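Structural characterization, general
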Amino acid sequence: MELQEELTPADAVLLMSSAPERISDLVYGLDEARLRYRHGPAFPTLGGLIGHLLESGAKIDALIRRAHLEGLATADIRAAIDPSLDEVLDRPLQEAIEDFARVRRRTVDLLHGWGKSEWSRVISDPRGGDVTLLEICQQVTKHEMGHIAQIRNLTVLLPEPEDLGPPTAAVL
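Residues numbered from 1 in each chain as written. Predicted model: local features only at pLDDT ≥ 70, side-chain atom pairs only at ≥ 80, totals over all residues. Heavy atoms only, no water.

**Description of the pairing of strand 1 (residues 122–125)**
- In strand 1, alternate side chains face the same way, and those of Ile 123 and Asp 125 are buried while those of Val 122 and Ser 124 on the opposite face are not.
- With four bridges joining them, strand 1 and strand 2 (residues 129–132) adopt antiparallel strand pairing. Each bridged residue has a counterpart across the sheet, and for Ile 123 the counterpart in strand 2 is Val 131.
- Linking two consecutive strands that pair antiparallel, namely strand 1 and strand 2, is a turn of three residues. (Buried < 20%, exposed > 50% of the residue type's maximum accessible area, 1.4 Å probe, protein only. Helix = DSSP H or I, 4+ residues; strand = E, 2+ residues; numbered from the N terminus. Pairing = 2+ DSSP bridges.)

**Observations concerning the environment of Ile 50**
- Assignment of secondary structure puts Ile 50 in helix 3 (residues 46–69).
- Each C-alpha atom of the pair Ile 50 and Leu 89 lies 7.7 Å from the other, and the pair is 39 residues apart in sequence.
- Beyond its immediate sequence surroundings of up to four residues, Ile 50 is in contact with Ile 23, Val 27, Leu 35, Leu 89, Leu 93 and Ile 151. (Contact = heavy atoms within 4.5 Å.)

**Structural notes on the pattern of salt bridges**
- On inspection of all chains with the given rule, the structure shows nine salt bridges.
- For the salt bridge of Lys 59 with Glu 55, the shortest nitrogen-to-oxygen distance reads 3.8 Å. Here Glu 55 and Lys 59 lie together in helix 3, a separation of four residues that amounts to about one turn.
- Across the salt bridge formed by Glu 70 and Arg 66, the nearest N and O atoms sit 3.1 Å from each other.
- You can call Glu 70 exposed: its relative accessible area is 56%.
- Through salt bridges with shared partners, a single network forms among Asp 61, Arg 104 and Glu 144. (Salt bridge = Lys/Arg side-chain N within 4 Å of Asp/Glu carboxyl O.)

**Brief notes about the nonpolar core**
- Ile 60, Leu 63, Ile 77, Leu 111 and Ile 136 are the most contacted members of the largest nonpolar core, which totals 24 residues.
- Of all the secondary-structure elements, those providing two or more residues to this core are helix 1 (9–27), helix 3, helix 4 (77–81), helix 5 (93–112) and helix 7 (133–156).
- A per-element tally of this core places helix 7 first, with five residues.
- Those residues in contact with Leu 63 that sit more than four places away from it in its chain are Leu 72, Ala 75, Ile 77, Ala 80 and Ile 136. (Core = buried A, V, L, I, M, F, W, Y, C linked by side-chain atoms within 4.5 Å.)

**What to know about helix 3**
- Taking 1.5 Å of rise per residue, 24 residues should cover 34 Å, and helix 3 covers 34 Å from first to last C-alpha, within 8% of that figure.
- Taken across its 24 residues, helix 3 has 17 buried, putting it largely inside the fold.
- Backbone geometry just downstream of helix 3 places Gly 71 in the positive-phi region, at approximately 75°. (Expected span 1.5 Å × (residues − 1).)

**Re the packing of helix 1 against helix 3**
- Taken N-terminus to C-terminus, the directions of helix 1 and helix 3 make an angle of 165°; their axes are 12 Å apart at the nearest point. When the axes of helix 1 and helix 3 are compared, the pair comes out roughly antiparallel. Seen from above, helix 1 lies across helix 3 with left-handed handedness. Contact with helix 1, carried on its side by Met 16, Ile 23 and Val 27, involves Ile 50, Leu 53, Leu 54, Asp 61 and Ile 64 of helix 3 and no other residues of that element. (Axes fitted to C-alpha atoms, helices over the stretch in contact; angles between N-to-C directions. Parallel < 35°, antiparallel > 145°, perpendicular 65-115°, else oblique. Left-handed = near helix turned anticlockwise from the far one by under 90°.)

**Quick word on the packing of helix 1 against helix 5**
- Running from N to C, helix 1 and helix 5 cross one another at 170°; their axes reach a closest spacing of 9 Å. As judged from the angle between their axes, helix 1 and helix 5 are roughly antiparallel. Both helix 1 and helix 5 take part in a crossing whose hand is left-handed. On helix 5, the residues touching Val 13, Met 16, Ser 17, Ala 19, Pro 20, Ile 23, Ser 24 and Val 27 of helix 1 are Leu 93, Gln 94, Ile 97, Phe 100, Ala 101, Arg 104, Val 108, Leu 111 and His 112.
- Here the residues of the contact of helix 1 with helix 5 sort into 12 nonpolar, four polar and one charged. (Nonpolar A, V, L, I, M, F, W, Y, C, P; charged D, E, K, R; others polar.)

This is the structure:
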């Protein structure tokens, strides 16, 4: 899914603020076995994809807050938005989502107070050139919505759990 029009600051803030809830709704009730399930060799596990999304969200939120509060002028934005897909959930899923939601709420609260000059402030990315804070938020939104669609697709394709009945003794 490609966004066909430029996102306004209000659109970007709205979509960024909805990411934690969308993730939570999609993965509610998934057990550890389903999070570790791999649909095929080229696919990440669902847990790995969620870990990647939560990790990138936390990194980009930190970058945005530092740019605003500390005047950060140079950053590797691509590495923050799209870190390696090798992330694994190292804590319970619900706890990780709640932590991400808390961090994202702080970021969104900060973004709500921005004026035109803050949105148009430029950050220099050694790999991507100069980008405004609005362009960063637009990139984050596209990245997160793309992964949320992946999570939706992967959860729909999870095999149904099978009840194999009580274990039986092996017959020799």
